[in-house]
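Chains, contacts and geometry: an overview
Chain by chain, the residues run as shown.
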Protein chains: 2
Amino acid sequence: MGIFDTEQRTISPALIIGTGMIGTSIGLALTKAGVPVYLRDSDPAHVEAAEALGAGSAALPLAEEVHLVVVAVPPEKLAEQVAEALSAYPEATVTDVGSVKSTVLKQLHETDAEAELYRYCGSHPMAGSEKSGPLAAKADMFVDRTWVVTPHDSASAHAVLDVRELAQTCGARITTLGAAHHDEAVAQVSHLPQLVSSLLAGMLTDVPPEHLKLAGQGLRDTTRIADSNPGLWRQIIEANSEAVHSQLEILRDHLNWLLDGFNDGTKLEAFLAEGRAGRQSLPGKHGTAAQAFAQLAIEIPDEVGALAGIFAAIKDTGINIEDVAIDHDQNRDVGYLEVAVAPDKADALKELLLAAGWRMKEE
Amino acid sequence: MGIFDTEQRTISPALIIGTGMIGTSIGLALTKAGVPVYLRDSDPAHVEAAEALGAGSAALPLAEEVHLVVVAVPPEKLAEQVAEALSAYPEATVTDVGSVKSTVLKQLHETDAEAELYRYCGSHPMAGSEKSGPLAAKADMFVDRTWVVTPHDSASAHAVLDVRELAQTCGARITTLGAAHHDEAVAQVSHLPQLVSSLLAGMLTDVPPEHLKLAGQGLRDTTRIADSNPGLWRQIIEANSEAVHSQLEILRDHLNWLLDGFNDGTKLEAFLAEGRAGRQSLPGKHGTAAQAFAQLAIEIPDEVGALAGIFAAIKDTGINIEDVAIDHDQNRDVGYLEVAVAPDKADALKELLLAAGWRMKEE
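Quick caveat: nothing in here was measured; it's all calculated off a predicted structure.

What follows covers the domain arrangement of chain A. All names here are of chain A. Each assigned domain of chain A is listed here: domain 1 (4–177), domain 2 (183–260) and domain 3 (294–355). Here the C-alpha centroids of domain 1 and domain 2 sit 29 Å apart. Across the boundary between the two partners, domain 1 contributes 13 residues, which contact 15 residues of domain 2. Regarding the contact of domain 1 and domain 2, the summed buried area is about 1,100 Å², with carbon and sulfur atoms giving 57% of it. Among the residues domain 1 hides against domain 2, the three largest losses belong to Pro-75, Val-100 and Glu-130. Together they make up 46% of the total.

The next thing to look at is the relation of the copies chain A and chain B. Placing chain A over chain B gives an RMSD of 0.2 Å and needs a rotation angle of 180°, together with 0.1 Å of translation along the axis. Expressed as an axis order, the relation between the two copies is that of a two-fold axis. It is Thr-222 of chain A whose C-alpha, among those of chain A, lies nearest the rotation axis, at 2.0 Å. A share of 100% of interface residues in chain A that are also interface residues in chain B marks the association as one of identical surfaces.

On to the interface of chain A and chain B. Tallying the contact residues gives 103 residues for chain A and 103 residues for chain B. Together chain A and chain B conceal approximately 9,700 Å² of surface at their shared face, both sides included; 69% is due to carbon and sulfur atoms. When the buried area of chain A at its contact with chain B is split by residue, Met-203, Leu-214 and Arg-279 of chain A rank highest and sum to 8% of it. Linking chain A with chain B are 6 salt bridges. Linking Glu-269 of chain B and Arg-234 of chain A is a salt bridge whose minimum nitrogen-to-oxygen distance equals 2.8 Å. Counting residues per element, the side of chain A that touches chain B draws most heavily on helix α6 (residues 179–203) of chain A, at 17 residues. Taken together, the residues that form the side of chain A that touches chain B break down as 55 nonpolar, 32 polar and 16 charged.

Our next topic: the sheet that holds strand β5 (residues 122–125) of chain B. Residues and elements named next belong to chain B. Strand order in the open sheet made by the 3 strands is β5-β6-β7, with mixed pairing throughout. Looking at the sheet topology across the chains shown, the edges are occupied by β5 and β7 (173–176). Pairwise comparison of adjacent strand axes, ignoring direction, gives a mean angle of 25° for this sheet. In terms of strand pairing, β5 meets strand β6 (residues 146–150) through 4 bridges, oriented antiparallel. Its bridge partner lying in β6, Gly-122 is registered against Thr-150.

The next subject is helix α5 (residues 157–169) of chain B. Residues and elements named next belong to chain B. Under the 1.5 Å per step criterion, the end-to-end length of α5 is 18 Å for 13 residues, consistent within 8% with the ideal 18 Å. Turning to α5, its buried residues number three or more, namely His-158, Ala-159, Val-160, Asp-162, Val-163, Leu-166 and Ala-167. Taken together, the buried residues of α5 touch α1 (21–32), β3 (68–71), β4 (93–96), β5, β6 and β7. Two residues or fewer past α5, Gly-171 is found with a positive phi of approximately 90°.

Attention shifts here to the packing of α6 of chain A against helix α10 (residues 241–259) of chain A. Residue and element names in this part refer to chain A. Between α6 and α10, whose axes approach to 9 Å, the crossing angle comes to 60°. If you check the angle between α6 and α10, you find them oblique. As α6 packs across α10, the resulting crossing turns out to be right-handed. Counted together, Asp-183, Ala-187, Gln-188, His-191, Leu-192, Leu-195 and Val-196 of α6 and Ala-243, Val-244, Gln-247, Leu-248 and Leu-251 of α10 form the full contact between these two elements. Looking at the contact of α6 with α10 residue by residue, the classes come out as 8 nonpolar, 3 polar and 1 charged.

Our next topic: helix α11 (residues 265–280) of chain A. For α11 of chain A, which comprises 16 residues, the first-to-last C-alpha distance of 22 Å matches the rise-based estimate of 22 Å (1.5 Å per residue) to within 8%. Where α11 of chain A is concerned, the buried positions are Gly-265, Lys-267, Leu-268, Phe-271, Leu-272, Gly-275, Gly-278 and Arg-279 of chain A. Looking at the buried side of α11 of chain A, the elements it contacts are α10 of chain A together with α6 (179–203), α8 (217–223) and α9 (230–239) of chain B. Its side-chain oxygen 3.0 Å from the backbone nitrogen of Thr-266 of chain A, Asp-264 of chain A forms the N-cap of α11 of chain A.

The next thing to look at is the pairing of strand β8 (residues 294–300) of chain B. Residue and element names in this part refer to chain B. Of all 7 residues in β8, 5 are buried; the element is thus mostly enclosed. Here β8 runs beside strand β10 (residues 334–341); their pairing, made up of 7 bridges, is antiparallel. Bridging from a neighbouring strand, Ala-294 pairs with Val-341 of β10.

Here we take up the sheet that holds strand β9 (residues 323–329) of chain B. All names here are of chain B. The 3 strands lie next to each other as β8-β10-β9, forming an open sheet whose pairing is antiparallel. Strand pairing shows two members of the sheet lacking a second neighbour, β8 and β9, which therefore form its edges. With strand direction ignored, the average angle separating the axes of adjacent strands in the sheet is 25°. Across the sheet, helix α12 (residues 306–317) touches β8, β9 and β10, and the angle it forms with β8 is around 140°.

Below, the discussion takes up the packing of aromatic side chains. Tallied over the entire structure, the rule returns 2 aromatic pairs over all chains. Relative to Trp-147 of chain A, the ring of Phe-142 of chain A has its centre 5.1 Å away and its plane inclined at 55°; by these criteria the two rings are tilted. As far as the burial class goes, Phe-142 of chain A and Trp-147 of chain A line up, both buried. The aromatic ring of Trp-257 of chain B is capped on one face by Lys-267 of chain B, whose charged end is 4.7 Å from the ring centroid.

Attention shifts here to the environment of Gln-235 of chain B. All names here are of chain B. For Gln-235, the location among the structural elements is in helix α9. Separated by 160 residues in the primary sequence, Gln-235 and Pro-75 have C-alpha atoms spaced 5.9 Å apart. Within the structure, Gln-235 has its side chain in polar contact with the backbone nitrogen of Glu-76 (distance 2.9 Å).

Core analysis: the largest hydrophobic core is formed by 69 residues, its most contacted members being Leu-195 and Leu-248 of chain A together with Leu-195 and Leu-248 of chain B. Broken down by secondary-structure element, the contributors of at least two residues to this core are α6, α9 (230–239), α10 and α11 of chain A together with α6, α9, α10 (241–259) and α11 (265–280) of chain B. Among residues more than four places away in sequence, those in contact with Leu-195 of chain B are Phe-262, Leu-268, Phe-271 and Leu-272 of chain A together with Ile-237, Val-244 and Leu-248 of chain B.

With respect to the secondary-structure elements, Glu-84 of chain A resides in helix α3 (residues 78–88). With 273 residues separating them along the chain, Glu-84 of chain A and Gly-357 of chain A place their C-alpha atoms 72 Å apart.

The subject of this paragraph is unusual backbone geometry. In this chain, Ser-12 of chain A is followed by Pro-13 of chain A through a cis amide linkage whose omega measures -5°. Locating Pro-13 of chain A in the fold gives a position in the segment before β1 (14–17). We note that Asp-144 of chain B has phi near 65°; this positive angle belongs to a residue other than glycine. Its location among the elements puts Asp-144 of chain B in the loop between β5 and β6.

Turning to the environment of Arg-9 of chain A, a few remarks are in order. Residue and element names in this part refer to chain A. Structurally, Arg-9 is set in the segment before β1. Spatially, the C-alpha atom of Arg-9 lies 9.9 Å from that of Thr-93, the residues being 84 residues apart in sequence. If we skip the residues at most four places from it in the chain, Arg-9 touches His-158, Leu-161, Asp-162 and Glu-165. A distance of 2.6 Å separates a polar atom in the side chain of Arg-9 from a polar atom in the side chain of Asp-162. At a separation of 3.2 Å, a polar atom in the side chain of Arg-9 contacts the side chain of Glu-165.

Now for the confidence of the model for chain A. Residues and elements named next belong to chain A. Summing up the model confidence of chain A, the mean pLDDT is 91 and the portion of residues at 70 or higher is 95%. In the predicted structure, residues 285–291 sits below a pLDDT of 50 and forms 13 contacts with residues beyond four places in sequence or in another chain. Two summary scores accompany this predicted model of the complex, namely pTM at 0.82 and ipTM at 0.82.

Conventions and cut-offs
- Per chain, residues are indexed from 1 in the order of the written sequence.
- Here chains are named by letter from A upward and ligands by number from 1 upward, in the order in which they appear as written.
- In keeping with the model being predicted, local features are shown solely for residues with a pLDDT of at least 70 and side-chain atom pairs are shown and tallied solely at 80 or more, while totals for entire chains, interfaces and linings include all residues.
- By convention in this description, side-chain values take in all heavy atoms of the structure and omit both hydrogens and water.
- An automatic or database domain assignment is the source of the domain bounds shown.
- Should any heavy atoms of two residues lie within 4.5 Å, those residues are counted as being in contact.
- Two parts placed together each lose some accessible area under a 1.4 Å probe, and the buried area is that loss summed for both.
- Least-squares fitting of one copy onto the other uses the C-alpha atoms of those residues that reach a pLDDT of at least 70 in both copies.
- In what follows, salt bridge is the name for a side-chain nitrogen of Lys or Arg lying within 4 Å of a carboxyl oxygen of Asp or Glu.
- The helix count covers DSSP runs of H or I at least four residues long, the strand count covers runs of E at least two residues long, and both are numbered beginning at the N terminus.
- Each residue is assigned to one of three groups, with Ala, Val, Leu, Ile, Met, Phe, Trp, Tyr, Cys and Pro labelled nonpolar, Asp, Glu, Lys and Arg labelled charged, and all others, Gly among them, labelled polar.
- Being paired, for any two strands, means DSSP has found at least two bridges between them.
- For helices, the fitted axis covers only the stretch in contact; all axes are lines through C-alpha atoms, and the angles between them, taken along N-to-C directions, range from 0 to 180 degrees.
- To estimate the expected span of a helix, count its residues, drop one, and scale the result by 1.5 Å.
- Relative accessibility thresholds used throughout: buried, under 20% of the residue-type maximum; exposed, over 50%; partly exposed, between the two (1.4 Å probe, protein chains only).
- In these notes the angle categories are as follows: under 35 degrees is roughly parallel, over 145 is roughly antiparallel, 65 to 115 is roughly perpendicular, and the rest is oblique.
- Helix crossings are classified by the rotation of the near helix relative to the far one: an anticlockwise turn of less than a right angle makes the crossing left-handed, while a clockwise turn makes it right-handed.
- We define a polar contact as two N or O atoms separated by no more than 3.5 Å, with the added condition that, inside protein, one atom must be a possible hydrogen donor and the other a possible acceptor, whereas residues neighbouring each other in sequence contribute only through side-chain atom pairs.
- Two aromatic rings from Phe, Tyr or Trp, using only the six-membered ring of Trp, form a pair when their centres are within 6.5 Å; if the ring planes differ by under 30 degrees the pair is stacked, by over 60 it is edge-to-face, and anything between is tilted.
- Each ring is checked for a lysine NZ or an arginine CZ that lies within 6 Å of its centre and within 35 degrees of its normal; such an atom marks a charge sitting over the ring.
- In this text, buried Ala, Val, Leu, Ile, Met, Phe, Trp, Tyr and Cys residues form a nonpolar core when linked through side-chain atoms within 4.5 Å.
- pLDDT runs from 0 to 100 and stands for how confident the predictor is about each residue.

The following block contains the structure:
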């Protein structure tokens, strides 16, 4: 165990087992970062494709040489492949990138890998798409995305640090959660949305093509992930069945609430407002709060062309505006242009506009 | 009625009543196409914003001069504003851009505008976003989007042609449907998706912020339109209440089917496959079939670096590949690279690759 001296910790070289979209993307990201990568897959065409794309080498590494094994196979094969990797690569930290963490951990405890489990730490990069296979891989798949690390009770510090380094090397932001906690969270933010998208898209099979021509971006966005691989998602949902089922039951309760008294306008509007509030509770794409912009309210003078003047003045400052809206103060009978800017630009914008003679709303 | 001589037909100048996102976008598109546009809105700040953005003039036109009136106000005000426009602008074709067509038509028949209804033809541009107000407008909002024209029984050819010209001038693709037919279609492809997105997003209000950090692009896409204006959508749903309610009931049946025997893997996978089939039935973004690409299968020789060689050969042809996948023939034990290309490029790609020594799968 001297090998687990912190001084000697390294994730290089790494072996990726399973060269689908996620495995190949990790190979591309690690290779780009200078980490030597070996690739393995039960399908020779997939390994060859991943190698051709530059995700690593299809050659066989020396077992003792490998320091990190990333298991990126379908959910039903995860535990078996992790156990095999722990046995075959005695110096390596082993992680998997499966979408459900409790099931694989439970299955691992039932294998004879128990004594080696201190070298295992699960993880889950929250990235991907409705596509699959090595040709859907991208080196920047994980940049600025959340990568959940799920240490179990007997995971060594060494193993956890290695998996964190993997996530960091791929450009991801790390969140640490226990396996059960993780599974409950992804039932809410990933597995339920997948089934709802499939539910909605499934109804389109009964819609005449003439009607489908009317589809706009809203329908396209809501059904995009319904194009995902049914076999893969069946395995994911099965591995997290209980949590997903209870989410679906809550969804049914909400749906029944909406349907009972559907003609009550107040109720319908409350339902729509609740949806908007939920949507707005999502953090921004870089993990910041969605509403984290600074707001400035610029008074619109009561004269022709005033608003055009404000637009021109903002443009002159060279500061990028994230959003704009018009507001009206009924008491003072004065209009405001509300602009949203990055917080670190708000003071500069305010000063420049005041200097140019515009007035701001008093807070 | 001599004015309705085909020779004299023109949509110029146009008046837009309601300078929200859609009205202002139409103003921008018409102005860009050289049509003089007048703007009206009950909110002076909205008119001023639309004018400042270049969507037209806030000046008052001479009533007899206006040849097209576009009513783009909230659903509850549509019939009243259309009737008023028919009376105020005696030489104009009047259209509205509301999301539901039967309700406004029924209401119009109940007004004293009956005798003038031959100058009215409804329409519905299938574009927009979760945003609202003039500042969310874009001149290219309707380019390549479907614009439904809904002539009623007594609409004159002149009126229908004017509305078609409006849609064409804005860059849209025209589809013609009766009002009731339209409403049934949008219940399926627009109103149901809106409520499903709100349903899913509404559940997020009970999800802890720590879990929301795990949200990926799938949840963002499925809930985007839930950020829409609740008051506006309440009016839209109310105007199409019966059709939407029956869609929601079918959705509930599908959901119950899924929940009953949720642990049946075969059933779950069939449900997911049905969703994928529905999604794939959507036409491509330019109205072509989603799967309209030509497919070529290039044999992957059983030698090191073969796939990289094919990638390089494709790159050399300069032909753009839309999608790629790996396939494997179990009987012949040979792999294929399946590539999707625009139909008019398929023959050229095939010839160039054959000339370079690659083999194709026999059909």
